Amino acid sequence: MQSGQFCVISLGCAKNRVDSEEIIGSLVKNGYSLTAELNEADLVIINTCAFIREARKETIAAIKRAARLKKSSSARLDKIVVVGCLAGYYRESVIKKAIPQVDHVVPIDNYSSIPVILKNAPGQGRARSGVTKLSRAGSSSSKSIDRFLTGPPHSVYIKIAEGCNNRCSYCLIPSLRGRLRSRSIDEIAAEVRAVQRLGAREIILVAQDTTAYGLDYYGRFMLPELLQRLCALNGEIAWIRLMYAHPSHVTDTLLQVMATESKICKYIDIPIQHVSDSILELMGRKTTGKDIAALYHKMRTIVEGITLRTTVMVGYPGEGEREFEELLHFLEQHPFERLGAFIFSPERGTAAFGQGKPVSAEEASRRLHLVMSRQKEISRRFNKDLLGEKVAVIIDVPARKGKAAHARMPSQAPEVDGRVILSGASGMEQGTLSMARITAAGAYDLMGEMADNEPGQ
Ligand code: SF4
């Protein structure tokens, strides 16, 4: 049994966070103890993000900070391990040449071997209560997976697959995280049962493209079946949320399951990126503006009261004023309750790198600003429609010292969407599900007061 204190710096997306939690779990199981303080650690795991230049800059800065600490004679830090997307972007030798204090670079599929890689580390560690133990039900090799939840235990991300086969022209992720690798339904169900025992009430399904789930493992789209299996589980899970859907992989069956299963939040995160056919083609999105419009109406028709979150990209090479106006007009005619927007980032190693006539940084940020300022009013309009309504909520941050509680509706995902500032919730614990009446509406956040638990007016 190895020992020592370790710290994890987890950068990037929710999928990285799940990976970090599994790495923590396996190190704690191997005798290490976790600390949140880098300067109290013998070992630091840096889970990196590299999908765009800005993310790589932030990642390299984090590694350099740890390297500086390791160099300082008074520091306790002895080992630096780099994992995550940067390990897929640069070869180990390149990273070690640039930052010699890095001891190990571990690619995504080798995380389970980290304790072995570190086997010469000094001391003993204690196991902490947050670890879940799972066995890969139904698969030939029974391999235990440990996970140490670092976020609020009532709301847990579940990674249902790794990698992506879509190869959108601007995206590095397939080359950083590899081809689609779905987990088995049995394994995911076992993990959900385990986090449920730790108090999970909401599970958030994540992957690069959740709607492609099963294509590799089962040879066909299996997200509807996975959702039905998770809905059939007994226990406290009340909300199942779907993130990162791809517009060309949303099926009628999926929408019908979302419409009929009460545990599934009537909410979907579905990045469309753009609606102009010429830009969608350049992006390699395998869909058209007409298809997206048809899907938009189908989602609103089949799943009553659905909340739509999307992401759009502006400044893509070849996006002229006409294509941009087309996007603005579409978002006006097909409003999304939730929307995030990004400026195209040319990434070496993608098909889009050096493709087409670039849009100036100034013009791209003008377009970004225009999309987001219009979206602010669209979001405010949707929020105003909720005034006086009674809605289901989950408490994220309990009321403390005269401060109101922070809660969310099924139509609000953690970390990316607004919240409900809730009065009259004193004594209600984190993870409590209840009803609230909306009393005020901002562009993103809402104000509410506790209401009796009877659904409806
Ligand atoms: S769907 Fe496209 S944008 Fe999303 S991870 Fe896959 S290749 Fe990248």
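Below, the structure is looked at part by part. (Residues numbered from 1 in each chain as written. Predicted model: local features only at pLDDT ≥ 70, side-chain atom pairs only at ≥ 80, totals over all residues. Heavy atoms only, no water.)

The next thing to look at is the environment of Ala50. Take Ala50: it is sitting in the loop between strand E3 (43-48) and helix H2 (53-71). Along the chain, Ala50 and Ala407 lie 357 residues apart, while their C-alpha atoms are 32 Å from each other. Sequence-distant contacts of Ala50, that is, excluding residues within four places in its chain, are made with Ala55, Arg56, Cys85, Leu86, Tyr89, Leu172 and Leu176. (Helix = DSSP H or I, 4+ residues; strand = E, 2+ residues; numbered from the N terminus. Contact = heavy atoms within 4.5 Å.)

All residues adjacent to the ligand are Cys164, Asn166, Arg167, Cys168, Tyr170, Cys171, Ile173, Pro174, Gln208, His246 and Arg285. Taken together, the residues of the shell around the ligand sort by class into 6 nonpolar, 3 polar and 2 charged. (Near = heavy atom within 4 Å. Nonpolar A, V, L, I, M, F, W, Y, C, P; charged D, E, K, R; others polar.)

Regular strands place their side chains on alternate faces of the sheet. Two elements, strand E16 (residues 390-397) and strand E19 (residues 433-441), share 5 bridges in a ladder whose sense is antiparallel. When the bridges of E19 are listed, Ile394 appears paired with Leu433. For E19 and strand E20 (residues 446-451), the ladder comprises 6 bridges, and the chain directions are antiparallel. Of the residues in E20, the one forming a bridge with Ile438 is Gly448. In textbook terms, the turn of a hairpin is the stretch between consecutive antiparallel strands, and for E19 and E20 this stretch comprises 4 residues. (Pairing = 2+ DSSP bridges.)

Between helix H7 (residues 185-197) and helix H8 (residues 223-231), whose axes approach to 10 Å, the crossing angle comes to 35°. Where H7 crosses over H8, the handedness of that crossing is right-handed. Taking contact as the criterion, the partners of Ile185, Asp186, Ile188, Ala189 and Val192 in H7 are, on H8, Glu225, Leu226, Arg229 and Leu230. Along the lines of polarity and charge, the residues of the contact of H7 with H8 split into 6 nonpolar, no polar and 3 charged. (Axes fitted to C-alpha atoms, helices over the stretch in contact; angles between N-to-C directions. Left-handed = near helix turned anticlockwise from the far one by under 90°.)

The 5 strands are arranged E2-E1-E3-E4-E5 in an open sheet whose pairing can be described as parallel. The two strands at the open ends of the sheet, each matched to only one other strand, are strand E2 (33-34) and strand E5 (104-106). By the bridge criterion, 5 bridges tie strand E1 (residues 5-10) to E3 in an arrangement that is parallel. Bridging from a neighbouring strand, Ser10 pairs with Asn47 of E3. Set on the sheet, helix H1 (residues 14-29) makes contact with E1, E2, E3 and strand E4 (79-84); between it and E1 the angle comes to about 170°. Contacting E3 and E4, H2 crosses the sheet at an angle of about 170° to E3.

Counting 58 residues, the largest nonpolar core has Ile160, Leu205 and Leu230 as the members making the most contacts within it. Counting residues in each nonpolar core, the second largest holds 20 residues, with Val44, Ala67, Leu86 and Ala87 among its members. (Core = buried A, V, L, I, M, F, W, Y, C linked by side-chain atoms within 4.5 Å. Buried < 20%, exposed > 50% of the residue type's maximum accessible area, 1.4 Å probe, protein only.)

Overall, mixed pairing links the 5 strands, which are arranged E16-E17-E18-E20-E19 in a closed barrel. Sheet twist, expressed as the average angle between the axes of neighbouring strands with direction ignored, equals 55°.

This part covers the environment of Glu449. Along the chain, Glu449 falls in strand E20. Measuring from C-alpha to C-alpha, the distance between Glu449 and Thr439 comes to 7.0 Å, with 10 residues separating the pair along the chain. If we skip the residues at most four places from it in the chain, Glu449 touches Leu422, Ser423, Ala436, Arg437 and Thr439.

Time to look at the packing of aromatic side chains. Counting across every chain of the model gives 7 aromatic pairs. Seen from their ring centres, Phe6 and Tyr32 are 6.1 Å apart, and the 85° between their planes marks the pair as edge-to-face. Within this pair, whereas Phe6 is found in strand E1, its partner Tyr32 is found in the loop between H1 and E2, the two being separated by 26 residues in sequence. Residue Phe6 is classed as buried on the basis of its relative accessible area, which comes to 0%. Residues Tyr89 and Tyr90 carry aromatic rings whose centres are separated by 4.8 Å and whose planes lie at 90° to one another, so their mutual orientation is edge-to-face. (Phe/Tyr/Trp six-rings, centres within 6.5 Å; stacked < 30°, edge-to-face > 60°.)

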